[in-house]
Amino acid sequence: YTCLCIAWFIFLFVALWHDIEMKLIVWGLLNSLFYVLEVISRYISTSNYFVQLPDWIQTSIILISGASYILVLISVNLVGYALGTNGFQS
(Lines give C-alpha, C1' and ligand atoms only; values in the text may rest on other atoms or scores of the structure.)
Protein backbone atom coordinates (compact mmCIF):
# COMPACT_ATOMS: atom_id res chain seq x y z
CA TYR A 1 0.00 0.00 0.00
CA THR A 2 2.89 2.33 -0.63
CA CYS A 3 1.01 3.67 -3.64
CA LEU A 4 -1.61 5.09 -1.27
CA CYS A 5 1.02 7.02 0.67
CA ILE A 6 2.62 8.21 -2.54
CA ALA A 7 -0.77 9.42 -3.84
CA TRP A 8 -1.19 11.68 -0.78
CA PHE A 9 2.27 13.12 -1.34
CA ILE A 10 1.79 13.65 -5.08
CA PHE A 11 -1.59 15.38 -4.82
CA LEU A 12 -0.39 17.65 -2.03
CA PHE A 13 2.79 18.44 -3.95
CA VAL A 14 0.78 19.34 -7.08
CA ALA A 15 -1.52 21.54 -5.00
CA LEU A 16 1.40 23.36 -3.41
CA TRP A 17 3.26 23.62 -6.71
CA HIS A 18 0.43 25.48 -8.44
CA ASP A 19 -0.16 27.93 -5.62
CA ILE A 20 -0.27 27.85 -1.86
CA GLU A 21 -4.01 28.35 -1.49
CA MET A 22 -6.38 26.55 0.82
CA LYS A 23 -8.66 25.53 -2.06
CA LEU A 24 -5.82 23.70 -3.82
CA ILE A 25 -4.69 21.98 -0.63
CA VAL A 26 -8.29 20.84 -0.08
CA TRP A 27 -8.35 19.71 -3.73
CA GLY A 28 -5.23 17.60 -3.15
CA LEU A 29 -6.57 16.09 0.07
CA LEU A 30 -9.97 15.27 -1.49
CA ASN A 31 -8.36 13.68 -4.55
CA SER A 32 -6.15 11.59 -2.29
CA LEU A 33 -9.09 10.54 -0.14
CA PHE A 34 -11.18 9.47 -3.11
CA TYR A 35 -8.21 7.65 -4.63
CA VAL A 36 -7.93 5.63 -1.41
CA LEU A 37 -11.66 4.87 -1.60
CA GLU A 38 -11.20 3.76 -5.22
CA VAL A 39 -8.44 1.34 -4.22
CA ILE A 40 -10.58 -0.03 -1.38
CA SER A 41 -13.55 -0.51 -3.71
CA ARG A 42 -11.31 -2.31 -6.20
CA TYR A 43 -10.26 -4.66 -3.39
CA ILE A 44 -13.90 -5.24 -2.38
CA SER A 45 -14.97 -5.89 -5.97
CA THR A 46 -12.57 -8.83 -6.17
CA SER A 47 -13.66 -10.32 -2.84
CA ASN A 48 -15.48 -13.64 -2.67
CA TYR A 49 -18.64 -11.99 -1.33
CA PHE A 50 -18.92 -9.60 -4.28
CA VAL A 51 -18.12 -12.27 -6.86
CA GLN A 52 -20.91 -14.49 -5.49
CA LEU A 53 -23.55 -11.83 -6.09
CA PRO A 54 -25.77 -12.21 -9.17
CA ASP A 55 -24.38 -10.63 -12.32
CA TRP A 56 -27.08 -7.96 -12.56
CA ILE A 57 -26.34 -6.78 -9.01
CA GLN A 58 -22.60 -6.67 -9.71
CA THR A 59 -23.20 -4.71 -12.90
CA SER A 60 -25.57 -2.29 -11.17
CA ILE A 61 -23.12 -1.63 -8.34
CA ILE A 62 -20.27 -1.05 -10.78
CA LEU A 63 -22.33 1.31 -12.96
CA ILE A 64 -23.64 3.34 -10.01
CA SER A 65 -20.15 3.50 -8.50
CA GLY A 66 -18.61 4.68 -11.77
CA ALA A 67 -21.23 7.37 -12.33
CA SER A 68 -20.92 8.54 -8.72
CA TYR A 69 -17.16 8.73 -8.99
CA ILE A 70 -17.40 10.95 -12.06
CA LEU A 71 -19.67 13.34 -10.14
CA VAL A 72 -17.27 13.29 -7.19
CA LEU A 73 -14.31 14.17 -9.44
CA ILE A 74 -16.27 17.03 -11.00
CA SER A 75 -17.12 18.33 -7.53
CA VAL A 76 -13.53 18.05 -6.31
CA ASN A 77 -12.26 19.96 -9.33
CA LEU A 78 -14.91 22.65 -8.79
CA VAL A 79 -13.60 23.07 -5.25
CA GLY A 80 -9.99 23.19 -6.37
CA TYR A 81 -10.24 25.39 -9.42
CA ALA A 82 -13.52 27.28 -9.53
CA LEU A 83 -15.57 27.68 -6.38
CA GLY A 84 -12.96 27.18 -3.69
CA THR A 85 -13.77 26.16 -0.12
CA ASN A 86 -16.29 28.98 0.34
CA GLY A 87 -18.51 27.85 -2.53
CA PHE A 88 -20.60 30.55 -4.14
CA GLN A 89 -19.96 33.02 -1.30
CA SER A 90 -16.56 34.16 -2.54
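Preceding block: the structure.
None of the values given here were measured: they were computed from a predicted structure. (Residues numbered from 1 in each chain as written. Predicted model: local features only at pLDDT ≥ 70, side-chain atom pairs only at ≥ 80, totals over all residues. Heavy atoms only, no water.)

1. Some points on helix 2 (residues 22–45)
Counted at 1.5 Å a residue, the expected span for helix 2 with its 24 residues is 34 Å, and the 34 Å between its end C-alpha atoms agrees. Those residues of helix 2 that sit buried are L24, W27, G28, N31, S32, V36 and V39. On its buried face, helix 2 sits against helix 1 (2–18) and helix 4 (55–83). (Helix = DSSP H or I, 4+ residues; strand = E, 2+ residues; numbered from the N terminus. Expected span 1.5 Å × (residues − 1). Buried < 20%, exposed > 50% of the residue type's maximum accessible area, 1.4 Å probe, protein only. Contact = heavy atoms within 4.5 Å.)

2. Some details on the side chain of Q58
If you trace the backbone, Q58 turns up in helix 4. In this structure the side chain of Q58 is engaged in a polar contact, spanning 3.0 Å, whose partner is the backbone oxygen of L53. Excluding anything up to four places from it in sequence, Q58 contacts F50, V51, Q52 and L53. (Polar contact = N/O pair within 3.5 Å; in protein donor to acceptor, adjacent residues only side chain to side chain.)

3. Things to note about the packing of aromatic side chains
For the structure on display, the rule yields four aromatic pairs. Ring centres of F9 and F13 lie 6.2 Å apart, and the angle between their planes is 20°; on these two criteria the pair is classed as stacked. Residue F9 and its partner F13 are located together in helix 1, separated by four residues, close to a single helical turn. You can call F13 partly exposed: its relative accessible area is 45%. For the ring pair F13 and W17, a centre distance of 5.7 Å and an interplane angle of 35° mean the geometry is tilted. Of this pair, F13 and W17 both sit in helix 1, four residues apart, roughly one helical turn. Of the residues examined, W17 reaches a relative accessible area of 65% and is grouped as exposed. An aromatic cluster is present here, built from F9, F13 and W17 joined pairwise through their rings. (Phe/Tyr/Trp six-rings, centres within 6.5 Å; stacked < 30°, edge-to-face > 60°.)

4. Description of the pattern of salt bridges
One pass over the full model with this rule turns up one salt bridge. Across the pair E38 and R42 runs a salt bridge whose closest N-O atoms are separated by 3.6 Å. Of this pair, E38 and R42 are both found in helix 2, four residues apart, which corresponds to roughly one turn of the helix. Look at E38 and you get partly exposed, because its relative accessible area is 29%. (Salt bridge = Lys/Arg side-chain N within 4 Å of Asp/Glu carboxyl O.)

5. Some points on a nonpolar patch on the surface
A cluster of nonpolar side chains, W8, L29, L33, L37, I40, Y43 and I44, forms an exposed patch at the surface whose accessible area comes to about 650 Å². Counting residues per element, the nonpolar patch draws most heavily on helix 2, which supplies six residues. Take L33: it is sitting in helix 2. (Patch = residues over 30% accessible without salt bridge, like charges linked within 9 Å, V, L, I, M, F, W, Y side chains within 5 Å. Areas by Shrake-Rupley, 256 points an atom, 1.4 Å probe, with all protein chains shown as cover.)

So far we have only geometry, and geometry alone does not tell us how the molecule works.
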